[in-house]
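Observations on the model geometry
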Amino acid sequence: MRGLVFRGKGDFGVEERPKPEVVRPGDAVVKLAKSTICGTDLHILKGDVPTVAAGRILGHEGLGTVESVGASVSAFAPGDRVIISCITACGTCAFCARGLPSHCTSGGWVLGNTIDGTQAQYVRIPHADTSLHRAPKGVDEDGLVMISDILPTAMECGTLNGKVRPGATVGIVGAGPVGLAALLTAQLYSPMKTIMIDVDENRLRVAESLGATHTVVSGPDAVKRVMEITEGAGVDTAIEAVGIPATFELSQEIIGVGGNIANVGVHGGKVDLHLEKLWDRNISITTRLVDAVTSPTLIKLVEAGKINPTKLTTHNFKFSEIEQAYSSFAAAAENRALKVIIDFK
């Protein structure tokens, strides 16, 4: 088979690799139909994720058809159309029992990290019974790929951790794919105002089309503008969806008394925490690696038309064009790219 291989910092390409096989009784091998590229993959290429060794096939999102299963797999059979979770969960360890499968002792974020991932024609999925989801029929499969990672990340790390509630004011810092997904999931809880903040005016227009009540261009006047929108109160929930010091700082500046800052962005360096300003403001700050425990619910919401994640996809590439897809995704603003879909047909 062929897969997209990380060769070292700044170096990657498609290579021939042995087709994966069932190794353990709980494994399944899935033939990919669709995958996508995540911002985390770009971090890997920059050398920011030391757990990823040279020679690793990248990717932790995808949809396909079960090719083969191990002897103990009972929930899936060859021929089943499935969504691959970005989190591999055994379902029985202490962390899984606590609802934290992202820290599963024999799983977690392993695909495209410590084992070969989904940017290949085939992938081996450990703990298949608890790491795959049946794909509903009659639903756009480009959108279903968003169930792998981006939608549960937005829901769990952003909307739920941020305690979005009816009538609240939500500020989302970063209108990239994850920020826009947070906008979609936040609206499930009927906030009064959703304020999207970004430097890219095209992405802000997309946010408006997805239901943002207000948009703010990030810059010297961003905090002032948010305070005008909130009549000086600040936001009840600030969702940081970028992962750089400037956006974490902005989240602190716009949060209101009793508010919640939900960090979603992947930070590659330290940030400043302004306790000299926040110590008496009764705020909470949360961090989280997605657990994908909301994926079954999100699948139902997508199937029912309550969320349309297909709106987060902007480009389609054949697998033979995956290196071009990376270039397009890396220059997202220039190419007006959100999520790019990799088709294996």
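Residues numbered from 1 in each chain as written. Predicted model: local features only at pLDDT ≥ 70, side-chain atom pairs only at ≥ 80, totals over all residues. Heavy atoms only, no water.

In the annotation of an unreviewed UniProt entry, the protein chain is listed under the name Alcohol dehydrogenase GroES domain protein and assigned to Heliocybe sulcata. Annotation of the protein chain in UniProt includes, under Sequence similarities (unreviewed entry), the sentence "Belongs to the zinc-containing alcohol dehydrogenase family." (UniProt positions renumbered as here; feature names shortened; annotations may be inferred.)

**Re the overall build of the protein chain**
Along the protein chain, the regular secondary structure elements total twelve helices and 16 strands. Oriented by its inertia axes, the alpha-carbon framework of the protein chain measures out at about 60 × 40 × 40 Å. Taken across its 345 residues, the protein chain has 55% of its residues classed as buried. Partitioning the intrachain contacts of the protein chain with sequence separation of at least 6 by distance along the chain shows that 69% fall at a separation of at least 24. A total accessible area of about 14,600 Å² is found for the protein chain, and carbon and sulfur atoms account for 51% of it. Placing the 33 positive and 37 negative side-chain charges of the protein chain at their respective mean positions leaves the two points 3 Å apart. (Helix = DSSP H or I, 4+ residues; strand = E, 2+ residues; numbered from the N terminus. Buried < 20%, exposed > 50% of the residue type's maximum accessible area, 1.4 Å probe, protein only. Contact = heavy atoms within 4.5 Å. Areas by Shrake-Rupley, 256 points an atom, 1.4 Å probe, with all protein chains shown as cover. Lys, Arg positive; Asp, Glu negative; His and termini not counted. Charge placed at Lys NZ, Arg CZ, Asp CG, Glu CD.)

**A few points about the sheet that holds strand S10 (residues 193–198)**
The parallel open sheet is built from six strands, whose spatial order is S11-S10-S9-S12-S13-S14. Of all the strands in the sheet, just strand S11 (214–217) and strand S14 (284–286) have a single pairing partner and so form its edges. Neighbour-to-neighbour, the strand axes of the sheet open up by a mean angle of 15 degrees, direction not taken into account. Looking at chain direction, strand S9 (residues 169–173) and S10 are connected through five bridges and run parallel. Residue pairing for S10: threonine 169 is matched across the bridge by lysine 193. Contacting S9, S10 and strand S12 (235–240), helix H5 (residues 177–186) crosses the sheet at an angle of about 175 degrees to S10. (Pairing = 2+ DSSP bridges. Axes fitted to C-alpha atoms, helices over the stretch in contact; angles between N-to-C directions.)

**Some points on the packing of H5 against helix H6 (residues 201–209)**
Relative orientation and spacing of two packed helices are given, respectively, by the angle between their axes and the distance between those axes. Put simply, H5 and H6 touch, their axes get as near as 10 Å, and they point 20 degrees apart. Comparing their axes, H6 and H5 come out roughly parallel. Every pair of crossing elements has a handedness; the one defined by H5 and H6 is right-handed. Contacts between H5 and H6 involve Pro177, Leu180 and Leu183 from the former and Arg203, Val206 and Ala207 from the latter. Residue composition of the contact of H5 with H6, grouped by class: five nonpolar, no polar and one charged. (Parallel < 35°, antiparallel > 145°, perpendicular 65-115°, else oblique. Left-handed = near helix turned anticlockwise from the far one by under 90°. Nonpolar A, V, L, I, M, F, W, Y, C, P; charged D, E, K, R; others polar.)

**Considerations on the environment of alanine 186**
With respect to the helices, strands and loops of the structure, alanine 186 is situated in helix H5. The class for alanine 186 is buried, based on a relative accessible area of 0%. Between the C-alpha atoms of alanine 186 and valine 170, which are 16 residues apart in sequence, the distance is 8.1 Å.

**Description of the pattern of salt bridges**
Counted by the stated rule, this structure contains 16 salt bridges. Across the salt bridge formed by aspartate 11 and arginine 7, the nearest N and O atoms sit 3.7 Å from each other. A residue is classified by how much of its surface remains accessible, and aspartate 11, at 35% relative accessible area, is partly exposed. With relative accessibility at 36%, the residue arginine 7 sits in the partly exposed group. Residue glutamate 228 is joined to arginine 225 by a salt bridge in which the shortest nitrogen-to-oxygen separation is 3.5 Å. One end of the pair is glutamate 228 and the other is arginine 225, both in helix H7 (residues 222–229) and three residues apart, which spans about a single turn. Note on arginine 225: relative accessible area 34%, which makes it partly exposed. (Salt bridge = Lys/Arg side-chain N within 4 Å of Asp/Glu carboxyl O.)

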